[in-house]
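Read off the chains here:
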Amino acid sequence: VVKNFVGIDIGGTNIKIAVVDEKGKIVKKSSIKTLSTREYAHVIADIVSEITKITNGIEYEAIGIGCPGAVDSKNGVIEYSPNLYWKNVPLAKLIAAKVKKTVKVANDASVAALGETKFGAGKNFTDTALITLGTGIGGGFVVGGQLFEGFKSMGAEIGHTVIREGGIKCTCGRKGCFETCASATALIRKTLRAMQIDKNSLMWEYCGHDLNKVDGRTSFECAKKGDATAREVVEEYMQSLADGILNVVNIFRSQAVILGGGICAQGGYLTAPIQNMVDEHRYGGKDSLRTIILTAQLGNDAGVIGAASLVM
Ligand SMILES: [Zn+2]
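Residues numbered from 1 in each chain as written. Predicted model: local features only at pLDDT ≥ 70, side-chain atom pairs only at ≥ 80, totals over all residues. Heavy atoms only, no water.

*Asks:* What is the right way to look at the pairing of strand β7 (residues 86-89) in this model?
*Replies:* On a regular strand, each side chain points to the face opposite its neighbour's, so the side chains alternate between the two faces of the sheet. Taken together, the three bridges between strand β6 (residues 77-81) and β7 define a ladder with antiparallel strand orientation. Its bridge partner lying in β7, isoleucine 78 is registered against valine 89. Between β6 and the antiparallel strand that follows it, β7, lie four residues; tyrosine 85 among them carries a positive phi value of about 60 degrees. (Pairing = 2+ DSSP bridges. Helix = DSSP H or I, 4+ residues; strand = E, 2+ residues; numbered from the N terminus.)

Set out below in structure tokens:
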């Protein structure tokens, strides 16, 4: 008999809930609105009722939850989550009291890294880093098959390591952080800047002369079509991304770095040059253990699958 687990991915807008079997396959899933401005007790009541609904007629072992913010995973307490407006919420205890199952909670970025490592791109490895390129840059790390959570499970803020001294000011107050250079937001900013300088770039035609339509694809797609300005944007972006990844690789000595986020749809066009730069510049050079650069495989399901794998 294959055992089932419940995985819950709490976000600021939606809460995804899934029944996941021990092989990482989603048996059933659903999604509810977070409506995060409510009292947390109402949000938790909705989660409990959705758990009851989705597990109706299904035997399951335990519940794992991924939540944004500072999560004390040992005690199952959400210490602080700006996205949810939560402070010191004993989430695991409150849910366990209702459903009478073991409940574990961890930071959402860490949980996604665990999911990708156990069941996604990293399943052949024990030491991996998941770097998610979105509005900012988030990271989760698996070391020796275990989730690396750090003191009080604060995780590692890889997005806020400086890669360009004296660079652009970051939301954290420092200058030149990895996420100011290599997030999707940074790529769009670089694209817009290059378009202002080169009014003849193909990127103008590509976005229909509407700057609001510029996104993470604009520079990549136009570079593929041979636009020199677009290629410069992509090259500068990839150099920043490689520098940030090299910092991760030199600290964690990861066997694989898994890239997540929309930009990963670029596949080998993104990973091949990054792989070359990492091979060339990681400490120890070409003769040391190679770190493989991959793209995430679980997509939007990484959160629920990772959450369920917390309790497997
Ligand atoms: Zn920063």
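*Asks:* Please clarify how the coordination of the zinc ion should be interpreted in this entry.
*Replies:* By definition of the ideal shapes, a tetrahedral metal site with four donors has angles of 109.5 degrees and an octahedral site with six donors has angles of 90 or 180 degrees. Protein coordination at the zinc ion: the donors are His160 (ND1), Cys170 (SG), Cys172 (SG) and Cys177 (SG), at 2.0 to 2.3 Å from the metal. One can describe the site at the zinc ion as tetrahedral: its four donor atoms subtend angles covering 101 to 126 degrees at the metal. The motif formed by the donor residues of the zinc ion, counted along the single chain, is H-x9-C-x1-C-x4-C. Residue histidine 160 is located in the loop between β11 (146-148) and α4 (178-182), and its partner cysteine 172 is located in the loop between β11 and α4; the two are separated by 12 residues in the primary sequence. (Donors = N, O, S within 2.8 Å, 3.2 Å for Na, K, Ca; no water. Tetrahedral: all angles 85-135°; square planar, octahedral: opposite > 155°, others 65-115°.)

*Asks:* Just checking my understanding: could you explain the packing of helix α3 (residues 108-119) against helix α10 (residues 302-309) for this structure?
*Replies:* Two measures define how a pair of helices packs: the angle their axes make with one another and the distance between the axes. Taken N-terminus to C-terminus, the directions of α3 and α10 make an angle of 85 degrees; their axes are 7 Å apart at the nearest point. Considered as vectors, α3 and α10 are oriented roughly perpendicular to each other. In this structure, α3 uses Val111, Ala112, Leu114, Gly115, Glu116, Lys118 and Phe119 to contact α10, whose residues at the interface are Ala302, Gly303, Ile305, Gly306, Ala307 and Ser309. Per-class residue counts for the contact of α3 with α10 are seven nonpolar, four polar and two charged. (Axes fitted to C-alpha atoms, helices over the stretch in contact; angles between N-to-C directions. Parallel < 35°, antiparallel > 145°, perpendicular 65-115°, else oblique. Contact = heavy atoms within 4.5 Å. Nonpolar A, V, L, I, M, F, W, Y, C, P; charged D, E, K, R; others polar.)

*Asks:* Just checking my understanding: could you explain the side chain of serine 240 for this structure?
*Replies:* Note that serine 240 resides in helix α8 (residues 228-252). On the basis of relative accessibility, which here comes to 2%, the residue serine 240 falls in the buried class. Dropping the residues within four chain positions of it, serine 240 is found in contact with Ile163, Arg164, Phe178, Cys181, Ala182 and Lys190. (Buried < 20%, exposed > 50% of the residue type's maximum accessible area, 1.4 Å probe, protein only.)

*Asks:* Looking at this structure, how should I read the pairing of β6?
*Replies:* Where strand β5 (residues 70-72) and β6 come together, three bridges link them in antiparallel fashion. From the neighbouring strand, aspartate 72 faces β6, where its bridge partner is valine 77. Counted along the chain from β5 to the antiparallel partner β6, the turn is four residues long, and its residue glycine 76 has a positive phi close to 70 degrees.

*Asks:* Help me understand the packing of aromatic side chains in this model?
*Replies:* Inspection of every chain in the model, using the stated rule, returns five aromatic pairs. An angle of 65 degrees between the planes, with centres 6.3 Å apart, marks the rings of tyrosine 40 and tryptophan 86 as edge-to-face. One end of the pair, tyrosine 40, is in helix α1 (residues 40-54); the other, tryptophan 86, is in strand β7, with 46 residues separating them in the sequence. Judged by relative accessible area, which is 3%, tryptophan 86 ranks as buried. (Phe/Tyr/Trp six-rings, centres within 6.5 Å; stacked < 30°, edge-to-face > 60°.)

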